[in-house]
Amino acid sequence: PLGAAVGSNQVVLGGNKGNDDLCTASCVESAAHYLGNSTIAGYDLLNAPAPDSDSQWADLSGRLYRTIRKADGNHLVVIEAPLSNDLGRCSLTDHVLYSVHNYAGGDNYPSNQPSGTPLWVGEFGAPISDGGAVQFVHSEIRRYDADGVSLSHFVDREASGFGLFGSYTAGDFNSPSTAMIPAVPPGFPRRVHPLSALSQSS
């Protein structure tokens, strides 16, 4: 089952027809709901897929991709790399965005990405307690920029050590990561800066 390899709570898919059917129906419903909505960039099929095999994920992601594209031909479909980070079994190129997570000492760029398709680092970062966290963020942003890869830092607000602000409470800016906050904006389009939140809260 998907997710079993990492003990996550991913829904059991691949080989379970009942759950496959429910997942397919959910994709159809979501695509129908957001059809024509210009504020939606696309649909991420599954966060951090953990398949039993790359071929299982290629088969399932392909089926879900075709289901969504039939219901909504305008938005992107985001296909995240499997645990192996090998996209060699993926061949879809139309309205597809491939994605990967990249953490210090963890996930990295996928290999064998289909040519002509964009790549998005949907999550990247390092815990603040890691002495090399800021340097890691600096170096990875430079690498993404050189490779023309888009990014999303993980995460703006979290108490476990990855957040730019160490709190789960909306509007709480009392625990800023003063070392990490200046490191992240160079990777943002138009230099959106988290420090603006601090000035608004003062």
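Coordinates for the structure precede this section.
Residues numbered from 1 in each chain as written. Predicted model: local features only at pLDDT ≥ 70, side-chain atom pairs only at ≥ 80, totals over all residues. Heavy atoms only, no water.

Draft legend 1. Focus on the packing of aromatic side chains. Counted under the stated rule, the structure contains six aromatic pairs. When the centroid spacing of 5.2 Å and the interplanar angle of 90 degrees are considered together, the rings of F124 and Y144 count as edge-to-face. Placement of the pair is F124 in strand β4 (residues 119-125) and Y144 in helix α3 (residues 133-147), with a sequence separation of 20 residues. Looking at F124, the relative accessible area reads 0%, which means it is buried. Relative accessible area serves as the criterion here: at 0%, Y144 is assigned to the buried category. Ring plane angle 75 degrees and centroid distance 5.2 Å describe the contact between F165 and F173, whose orientation is recorded as edge-to-face. Residue F165 is classed as buried on the basis of its relative accessible area, which comes to 5%. (Phe/Tyr/Trp six-rings, centres within 6.5 Å; stacked < 30°, edge-to-face > 60°. Helix = DSSP H or I, 4+ residues; strand = E, 2+ residues; numbered from the N terminus. Buried < 20%, exposed > 50% of the residue type's maximum accessible area, 1.4 Å probe, protein only.)

Draft legend 2. Seen up close, the nonpolar core. Counting residues in hydrophobic clusters, the biggest one holds 39 residues, and the most contacted among them are I79, Y98, V121, F124 and V137. Of all the secondary structure elements, the ones that give two or more residues to this core are α1 (17-34), α2 (54-71), β2 (76-80), β3 (96-103), β4 and α3. For Y98, the residues in contact, after removing those within four places along its chain, are I79, L87, C90, S91, L92, Q113, P114, T117, P118, L119 and W120. (Core = buried A, V, L, I, M, F, W, Y, C linked by side-chain atoms within 4.5 Å. Contact = heavy atoms within 4.5 Å.)

Draft legend 3. Here's a closer look at the packing of α1 against α2. Between α1 and α2, the shortest axis-to-axis distance is 8 Å and the interhelical angle comes to 30 degrees. Handedness of the crossing formed by α1 with α2: right-handed. Residues D20, C23, T24, C27, V28 and A31 of α1 pack against L60, R63, L64, T67, I68 and A71 of α2. The class makeup of the residues in the contact of α1 with α2 is eight nonpolar, two polar and two charged. (Axes fitted to C-alpha atoms, helices over the stretch in contact; angles between N-to-C directions. Left-handed = near helix turned anticlockwise from the far one by under 90°. Nonpolar A, V, L, I, M, F, W, Y, C, P; charged D, E, K, R; others polar.)

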